[in-house]
2 protein chains.
Amino acid sequence: MPSSLTPAVLAELQRIVGDRGLITAVNQLQTYECDGLTAFRVLPSAVLLPESTGQVQQILRLCHRERIPFVARGSGTGLSGGALPTEGCLVITFSRMNRILAVDLANQQITVQPGVINSNVTAAVSPHGYFYAPDPSSQTVCTIGGNIAENAGGAHCLKYGFTVTHVLEMTVVLPNGDLVTLGAKTPNAPGYDLAGVFIGSEGTLGIATEMTLRIMRKPETVQVILAAFNTIQAAAQSVSDVIASGQLPAAMEIMDRLSIEAAEISVHPNYPSCEALLLIELDGPEAEVNLQMQTVTDICRGNGAWETRLAIDEQDRFLIWKGRKAAFAAAGRLSPNYIVQDGVIPRTSLPAVLEKLNAMAVAENLRVTNVFHAGDGNLHPIVLYNRENPGEEERAIDLSLRILDVCVEAGGSITGEHGVGREKQCSMSYMFSDPDLETMQRVRHAFDPLDLSNPEKLFPTPRICGERSRGAYAPHPLETSGIAEVF
Amino acid sequence: MPSSLTPAVLAELQRIVGDRGLITAVNQLQTYECDGLTAFRVLPSAVLLPESTGQVQQILRLCHRERIPFVARGSGTGLSGGALPTEGCLVITFSRMNRILAVDLANQQITVQPGVINSNVTAAVSPHGYFYAPDPSSQTVCTIGGNIAENAGGAHCLKYGFTVTHVLEMTVVLPNGDLVTLGAKTPNAPGYDLAGVFIGSEGTLGIATEMTLRIMRKPETVQVILAAFNTIQAAAQSVSDVIASGQLPAAMEIMDRLSIEAAEISVHPNYPSCEALLLIELDGPEAEVNLQMQTVTDICRGNGAWETRLAIDEQDRFLIWKGRKAAFAAAGRLSPNYIVQDGVIPRTSLPAVLEKLNAMAVAENLRVTNVFHAGDGNLHPIVLYNRENPGEEERAIDLSLRILDVCVEAGGSITGEHGVGREKQCSMSYMFSDPDLETMQRVRHAFDPLDLSNPEKLFPTPRICGERSRGAYAPHPLETSGIAEVF
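Predicted, not measured: the structure shown is a model, and the values here were computed from it.

How each quantity is defined
Residues numbered from 1 in each chain as written. Chains lettered and ligands numbered in written order. Predicted model: local features only at pLDDT ≥ 70, side-chain atom pairs only at ≥ 80, totals over all residues. Heavy atoms only, no water. Core = buried A, V, L, I, M, F, W, Y, C linked by side-chain atoms within 4.5 Å. Buried < 20%, exposed > 50% of the residue type's maximum accessible area, 1.4 Å probe, protein only. Contact = heavy atoms within 4.5 Å. Pairing = 2+ DSSP bridges. Helix = DSSP H or I, 4+ residues; strand = E, 2+ residues; numbered from the N terminus. Axes fitted to C-alpha atoms, helices over the stretch in contact; angles between N-to-C directions. pLDDT = per-residue confidence, 0-100. Least-squares fit on C-alpha atoms with pLDDT ≥ 70 in both.

Student: Before we move on, can you summarise the nonpolar core with the specific residues and values?
Tutor: Core analysis: the biggest nonpolar cluster contains 90 residues, and Met 170 of chain A together with Met 170 of chain B have the highest contact counts within it. Apart from residues no more than four positions distant in its own chain, Met 170 of chain B is found in contact with Ile 148, Val 180, Thr 181, Leu 182, Ala 195, Phe 198, Ile 199, Ala 208, Glu 210 and Met 211 of chain B.

Student: Break down the sheet that holds strand β3 (residues 70-73) of chain A for me, citing the residues and quoting the values.
Tutor: Adjacent strands of a sheet form backbone hydrogen bonds with each other and so pair up, either parallel or antiparallel. All names here are of chain A. Strand order in the open sheet made by the four strands is β1-β2-β4-β3, with mixed pairing throughout. Only two strands of the sheet have a single partner each, and these edge strands are β1 (22-23) and β3. Most of the contacts of helix α3 (residues 53-66) go to strand β4 (residues 90-93), to which it runs at about 165°, and overall it touches β2 (46-48), β3 and β4.

Student: Got a sec to walk through the sheet that holds strand β4 (residues 90-93) of chain B? Specific residues and values, please.
Tutor: Residue and element names in this part refer to chain B. Taken in spatial order, the four strands make up an open sheet running β1-β2-β4-β3, and their pairing is mixed. For this open sheet the edge positions go to β1 (22-23) and β3 (70-73), each flanked by a neighbour on one side alone. Two strands pair when backbone bridges link them, and β3 and β4 are joined in this way by four bridges, in the parallel orientation. Among the inter-strand pairings, Arg 73 is bridged to a residue of β4, identified as Thr 93. Here helix α3 (residues 53-66) sits on the sheet and contacts β2 (46-48), β3 and β4; the angle it forms with β4, its principal contact strand, is near 165°.

Student: Explain the confidence of the model for chain A to me, and be specific about the residues and the numbers.
Tutor: Residue and element names in this part refer to chain A. Mean pLDDT for chain A: 91, with 95% of residues reaching 70 or above. Per-residue pLDDT stays below 50 along residues 468-487; that stretch engages in 54 contacts with residues further than four places along the chain or on separate chains. Predicted complex, confidence summary: ipTM 0.88, pTM 0.91.

Student: I'd like to hear about the relation of the copies chain A and chain B, residue by residue, with values.
Tutor: Its rotation angle being 180°, the transformation that places chain A on chain B also includes 0.0 Å of axial translation and leaves an RMSD of 0.0 Å. Here the symmetry operator amounts to a two-fold rotation axis. Both copies share a contact surface, since 100% of the interface residues of chain A are interface residues in chain B too.

Below, the structure is given as structure tokens:
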């Protein structure tokens, strides 16, 4: 426990949140020592469970006065260590701030607290014909607060956009305890779009304690088709062809043989046994969906799909998605240990990048299985390994990081939706130039000059990254090269 | 001319941009003394026309060294004085940086320089079946650089979103001359979304010198319908009903009688003569559009539309839009002087707010005509007046600002797409609390610690605003009030 968390400070915290709002017993603190990235563990000094915005303000004012770092936490399902405690920190968790505060159907808005579970937002408005679009695989357990910190995506972000598209306004407690309103309930508000900066800032700019979300009308019809291919490349080509044809499906997902098998063992979705499965969901008015489904089916057939199967009913569709969403956890059926990686590449590079990743896996004698949001080029390679084999965990971590380098080299990025957190901070300097990162740091200090809000995350630090930082990529303006047409 | 713009500095600037890139003659400088908000005029010290990112870097390094403020300018069509020079500033204009640098159809991207005219982006990709969605009324003359500064909208932003949705990556010269890359060509990049902050920052954070934009497939079919109503309220109700029915038209615009008459005199679009004209554009696959058009027509008829007319062909559709887009300029046919205002309100408040604005106009004995993006609640009330009548201009300005107060009170905002600029900076403290504005200022200083980039805009300053700042609106968290359902 750092010197600043004195008995007097603890007593003050207890007065703010009450007896039930403060955890200090070591056996209880262990629940909070990591999130979904279990390779890193740090015991927090204390855990707080505030019940109101006012309590969060009081906590952060105290942290500011005493220079105590804090880490906000939702359900702890994050995959990049974003909610990993820092040495000597307080963890602030939101299980007691889980109320839906207001529903405004006419303006398609809902106001909630950060501890509300993602799928409970849809549940609250579903009887009226509405839904909340962002749907991370963990949506039945993860919270809206965590979704905002990570700018969570999900299979349907291809059509509907990430969390940032669906958050209108937030009440935010700054690291000094000040209260600000970011964003607005009407579109395109004046001033800087600080809601946009806050969303996806991985807890480094303060804590959102109330948020107004956009809800959408449920589509009239939803249809899902499964297409079985002999190669990943053929499936990937179909994805590019569907987009080029002008369709915008609600989701396009690819699973490879290993993932199909894992899902099959785990939740029995009755997938066809093949090298690559392409799952396409279309939604909208029935006439339109029928028309589009014909086009999509033709494209898949044209690329060699030897089976195309339409979900016959709601139940069947649910099962198909259950298999896809269980794919990460199901990797545990294939291997004692695994790392889920999360890179993004231009959609058109899919076939070439997949070939390269495959060669890298073969060279390391490691199995890599792929499940990905193919429509927006968001790969989720899962590196399988066995911690018991000497050196294998190190090789797996190294391979998973080199996969990100390949993504950046292909013009992509080191994370699509899992965030940088503690896991990928050393890859940031591979993607951003020094002035890029310095500008972000200055923005961070505009919100948090003392580095109290989730410190030692997101940005590369010499202490953590040492020599891995491979130096800056300078931006290369195109203007000197004339017109480069890449049709 | 301020002391810092010495002959030596001028010579240095001339060496950077060459003889043809520097304007110092007073009669030539007058072109740049205002933008579309002609009520404010300041002569710049010099105007620069750089030809490359490197030249912009050199200029800003020199400005930084010599503490010279600068104002970037596109075509000068802005309506809020965003490109108004500051006393002693340099104006940097982009008419020589107007090239399209790369087109990547497979990934639906185009890379351009800031001086490219908005409609030239669509022109470049239109033969391949693509278009660039943001379409401000001034699109045939305004530049992409200016669109980014103002986060420009347009009639079709209802469906397609504002400029921020369509800019993927930018090369930006910071006010100290450093080069950074904001955003990324793949979705949801890690780190802070600084592209989102930059877009709509009204030139206060630096200068974008190269931008990669998202282009979209042209829809298979586009149809426009005109519906004539006896009241604005009935037209507004139809807009709400269309949205509530689950349709998302490409555009929904309302014009009142005065605007219809002005457009008719100006470009003869052959509009029906009525109290309120609702213009709805649908786009998408033909089968879908036909289906939706039936629903939309039924809704309009149900709300009392006594004429509904479908554009018979491309030519007819073009003419209908020409009338709408000419509406601001056409106000000049109604009155020697006018102010175009730009407020946003929740769509459901349209009927009540319009009634209130009408009463305010009557009380001031001033005519106010309305043309607005009804789908997203973006009003454009045009206050007509005659400068020759003593006191009338002051009353017109005061009325136009009080209209914004009504918008804020209805839960809306002081600008939808024209920006704050010099015109509305004093209304900012009516919309934002002190901590909100202070946080924005700190972010500004993260980019521009010396306040050199378009200073004295956007934020309220005591020098300019004096007593008009009516003090801060504190955010009101809902959590204490229980569930408020507003169905």
